[in-house]
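Breakdown of the fold
These are the residues of each chain, in order.
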Amino acid sequence: MTEPVQVVWFKRDLRLRDHGPLSRALAAGPILPLFIWEPSLLRAADWDALHSRFLGQSLVELRAGLRARGGELFVRSGEAVEVLESLQASGNLAALWSHEETGNALTFARDRAVAAWARSRQVQWTELPQHGVIRGLRDRTGWAARWEKQMHKPALPAPERVRVPQGIQPGPLRAPDLGRDDVVRDRPLVQTGGEAQAWETFQSFFAGRGANYTRAMSSPLEGATACSRISPYLAWGCLSIREALQASEAATADLASRGYRTESGEPFLRASPRSLLGRLHWHCHFIQKLESEPAIEHRCFHRAYEALRPAEADPARLLAWCEGRTGYPLVDACMRSLRATGWLNFRMRAMLVSFAAYDLWLDWRIFRDYLARQFLDYEPGIHFSQLQMQSGVTGINAIRIYNPVKQGLDQDPAGDFIRRWVSELACIPGSLIHTPWRLSPLEQKETTSAAYPSPIVDHVTAMRAAKAQIAALRFGGTTLAEARRVFVQHGSRRRRPDPRVEARRARGVETKVSPTDPDQLRLAL
Ligand SMILES: Cc1cc2nc3c(=O)[nH]c(=O)nc-3n(C[C@H](O)[C@H](O)[C@H](O)COP(=O)(O)OP(=O)(O)OC[C@H]3O[C@@H](n4cnc5c(N)ncnc54)[C@H](O)[C@@H]3O)c2cc1C
């Protein structure tokens with residue numbers, strides 16, 4: 001490299017459209033589009049070959065897109081500083097461009113190391129915001145307005161031409177941890193990566209798949225089709241949240257102009273696009289929490305809850321939950337489905353965590369990484385915040401304990417989802433499937449359900465014990481002050497805080513069982 005180049009470091013932003021660092025770097029000179037497979041991230045407890053596979057697919061498309069424009073995607077394996085250092089040593093690296101990343105402690109430390117390296121080499125590193133997340137924010141006042149502004153800036157088109165330096169090896173696309181193809185073969189239901197897939201998925205939602213979204217989103221069976229399914233594309237940046245929002249607004253206006261009918265004339269529930277737009281707002285709202293307080297990866301939002309549950313797991317309970325063998329049919333079906341597909345709808349994710357946190361009394365940090373590995377859409381800011389909310393340790397949210405039998409009767413009344421994923425129960429007719437422990441020994445024999453475990457705990461007893469433990473926490477002035485701190489730093493300003501409600505919440509008094517509202521966030525942060 002003799003001519004000075006601008007390195008564009010692709011991280012969780014594997015796309016050509018609406019890519020600020022790419023556009024800005026291209027305006028400054030020839031670029032070196034770079035992706036780095038970092039061993040420390042690939043080895044981390046929250047990483048799975050599932051993620052590598054999705055990234056690999058996205059990189060194939062990214063490279064093809066860059067080549068079609070006269071460019072190239074350069075892929076390297078190694079720690080970021082080492083890779084950048086070797087690029088610098090072999091040529092003229094003028095500047096480094098990337099999006100800001102709100103990741104886990106590892107990527108945070110890595111970014112600090114890169115910043116120190118860039119300073120030491122006098123390389124200008126420019127990080128641009130990729131979401132509506134604001135760096136250096138002290139509290140949430142005015143956040144929503146700033147988010148709106150950021151989201152409604154014009155989205156950038158994909159570049160027409162890309163000029164890259166000659167004579168540099170592109171490097172293999174494959175992740176170093178993917179020696180075998182078994183992940184692909186074993187999990188055919190996992191979504192495929194790439195910008196084109198992202199748009200296809202998005203468009204199919206508005207073409208009709210999402211017509212019943214608002215009504216069907218909480219059902220584990222119908223939700224898989226009716227939900228947008230764009231989460232992995234947002235998480236790995238095949239689609240920008242700005243483009244998703246703007247395209248959703250445009251598609252909503254189209255639907256409205258046709259009287260809420262699709263292009264083929266099928267009815268589309270008026271509330272569905274609105275529900276989706278609301279959730280796109282939550283995306284950044286949750287990531288902002290981690291950006292503002294990186295400690296929430298390891299610590300409870302409200303410090304009084306730090307020692308609520310034992311730090312060590314009961315290994316038998318944890319294993320049964322992880323393997324989908326708790327004896328509660330819907331819980332087990334959800335876990336088995338998640339392990340096979342890499343996805344689950346919001347309500348069922350919340351129920352899985354509620355079961356682990358209240359029925360099994362497991363600390364959220366014990367299963368944080370396990371769930372991160374199962375979710376193809378693993379997004380640290382959403383993940384850590386949601387785990388804490390569903391475990392009741394934020395200090396400012398209502399505590400929600402889901403009744404797994406009631407959820408089964410409400411969300412999978414005929415038991416079809418359970419039958420699909422829990423083969424031991426496939427022969428149990430009708431709603432009996434939700435309480436297989438009530439079958440007589442003869443019925444168990446006839447339905448071959450004897451292989452299915454008995455309930456690992458009694459839900460009602462476990463729920464009472466959980467409530468008693470929460471009530472036993474000692475609350476005082478400092479606890480209330482802490483709840484206020486959490487609210488000021490992280491809480492939504494959509495509702496005014498009511499000090500009496502805050503006080504009751506801080507005491508864990510506001511307890512709801514099996515909420516009927518689908519998203520529970522209306523009340524929440
Ligand atoms: C314990 C737990 C962990 C979760 N971990 C993640 C995670 O790692 N990554 C992730 O993207 N979502 C996570 N969620 C939120 C939510 O379950 C998923 O975003 C959603 O199920 C993804 O499917 P979808 O794209 O079809 O969503 P849709 O319902 O179609 O929503 C569209 C988009 O809105 C955003 N969104 C939806 N619900 C939420 C929410 N509650 N909070 C924040 N953003 C939301 C997502 O970006 C989603 O892709 C978690 C929820 C729980 C309860």
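Everything in this summary refers to the structure shown in the same document. This one's a predicted model, so the numbers in the text were calculated from it and none came from an experiment. (Residues numbered from 1 in each chain as written. Predicted model: local features only at pLDDT ≥ 70, side-chain atom pairs only at ≥ 80, totals over all residues. Heavy atoms only, no water.)

**Overview of the pairing of strand β2 (residues 31-37)**
Counted only if it meets this: Throughout, exposure labels follow a simple rule: accessible area from a 1.4 Å probe, protein chains only, divided by the maximum for the residue type, with under 20% read as buried, over 50% as exposed, and the rest as partly exposed. Secondary structure follows DSSP: runs of H or I at least 4 residues long count as helices, runs of E at least 2 residues long count as strands, and numbering of each begins at the N terminus. At least two bridges found by DSSP between two strands are what make those strands a pair. Handedness of a crossover: with both strands directed away from the viewer, a clockwise path from the first strand across the helix to the second marks it as right-handed.
Taking burial as the measure, the seven residues of β2 include seven buried ones, the bulk of the element. By the bridge criterion, five bridges tie strand β1 (residues 5-10) to β2 in an arrangement that is parallel. Among the inter-strand pairings, F10 is bridged to a residue of β2, identified as F35. The parallel pair β1 and β2, bridged by helix α1 (residues 20-28), forms a crossover whose chirality is right-handed. In this sheet, strand β3 (residues 74-77) lies alongside β2 in parallel orientation, the contact comprising four bridges. Along β3, the bridge assignment pairs W37 with S77.

**Structural notes on the site of the ligand**
How we decide: We call a residue near a molecule or strand as soon as one heavy atom of that residue lies within 4 Å of the molecule or strand. N or O atoms closer than or at 3.5 Å make up a polar contact, with two conditions inside protein: a donor-capable atom paired with an acceptor-capable one, and, for residues adjacent in sequence, both atoms drawn from side chains. Every accessible area reported is derived by Shrake-Rupley at a probe size of 1.4 Å, with residue values counting cover from the shown protein chains alone. Points on a 1 Å grid, built from protein atoms alone, make a cavity when a 1.4 Å probe fits but cannot get out and make a pocket when they are open with protein on both sides within 12 Å along at least 5 of 7 lines; residues with an atom within 4 Å of a point are the lining residues. Pocket or cavity membership: a molecule qualifies when more than half of its atoms sit within 2 Å of the grid points of that site. Basically, the charged four are Asp, Glu, Lys and Arg, the nonpolar ten are Ala, Val, Leu, Ile, Met, Phe, Trp, Tyr, Cys and Pro, and anything else, Gly included, counts as polar.
Near the ligand you find 28 residues, and of these Y213, S228, R229, W343 and D377 are the closest. Between the ligand and the protein, one listed contact pairs an oxygen atom with a backbone N or O atom of I230 at 3.2 Å. Residue E379 places a main-chain N or O atom 2.9 Å away from an oxygen atom belonging to the ligand. Computed on the free molecule, the ligand has an accessible area of 820 Å², of which 98% lies beneath the protein chains in the complex. Of the pockets mapped on this structure, the ligand occupies the largest cavity. When contributions to the shell around the ligand are tallied by element, the ones reaching two or more residues are α11 (231-235), α13 (271-292), α16 (346-359) and α18 (380-391). At six residues, α13 tops the list of elements feeding residues into the shell around the ligand. Taken together, the residues that form the shell around the ligand break down as 17 nonpolar, six polar and five charged.

**A short note on the packing of aromatic side chains**
Heads up, the rule is: The pairing test for Phe, Tyr and Trp rings, Trp by its six-membered ring, is centres within 6.5 Å, and the orientation test on the planes gives stacked under 30 degrees, edge-to-face over 60, and tilted for anything in between. Charge-over-ring placement is defined geometrically: NZ (Lys) or CZ (Arg) within 6 Å of the ring centre, and within 35 degrees of the ring normal.
Applying the stated criterion across every chain, the model contains 15 aromatic pairs. Taking the centre distance of 5.6 Å and the plane angle of 70° together, the rings of W199 and F202 count as edge-to-face. Here W199 and its partner F202 are both found in helix α8 (residues 195-209), three residues apart, which amounts to about one turn of the helix. The pair W199 / F202 is uniform in exposure class, with both members buried. The ring of Y378 carries the charged tip of R12 above its face, separated from the ring centre by 5.9 Å. For R140, the ring lying beneath its charged end belongs to W143, and the centroid distance is 4.7 Å.

**Details of the packing of helix α6 (residues 143-151) against α13**
What counts, and what does not: Helix axes use the C-alpha atoms of the stretch in contact, all axes being lines fitted to C-alpha atoms, and the angles between their N-to-C directions lie in the range 0 to 180 degrees. Note on terminology: angles under 35 degrees are roughly parallel, angles over 145 are roughly antiparallel, angles of 65 to 115 are roughly perpendicular, and the others are oblique. Should the near helix be turned anticlockwise from the far one by less than a right angle, the crossing is left-handed, and should it be turned clockwise, the crossing is right-handed. Note on contacts: a residue pair qualifies if any of its non-hydrogen atoms lie within 4.5 Å across the two residues.
With their axes 11 Å apart at the nearest point, α6 and α13 run at an angle of 120° to one another. Taken as axis vectors, α6 and α13 run oblique relative to one another. Every pair of crossing elements has a handedness; the one defined by α6 and α13 is right-handed. Within the contact between the two elements, α6 uses W143, A144 and W147 and α13 uses L280, H281, C284, H285 and Q288. The residue inventory of the contact of α6 with α13, partitioned by class, reads five nonpolar, three polar and no charged.

**Re unusual backbone geometry**
Even without glycine at this site, R229 takes up a positive phi of about 65°. Within the fold, R229 resides in the loop between α10 (223-226) and α11. Note on R229: relative accessible area 13%, which makes it buried.

**Things to note about α8**
For clarity, the threshold we go by: By this rule, a helix spans an expected 1.5 Å times one less than how many residues it contains.
Helix length check: α8 (15 residues) gives 19 Å between terminal C-alpha atoms against 21 Å at 1.5 Å per residue, within 8%. The elements touched by buried residues of α8 are α3 (49-68), α9 (213-216), α10, α11, α12 (241-257) and α13.

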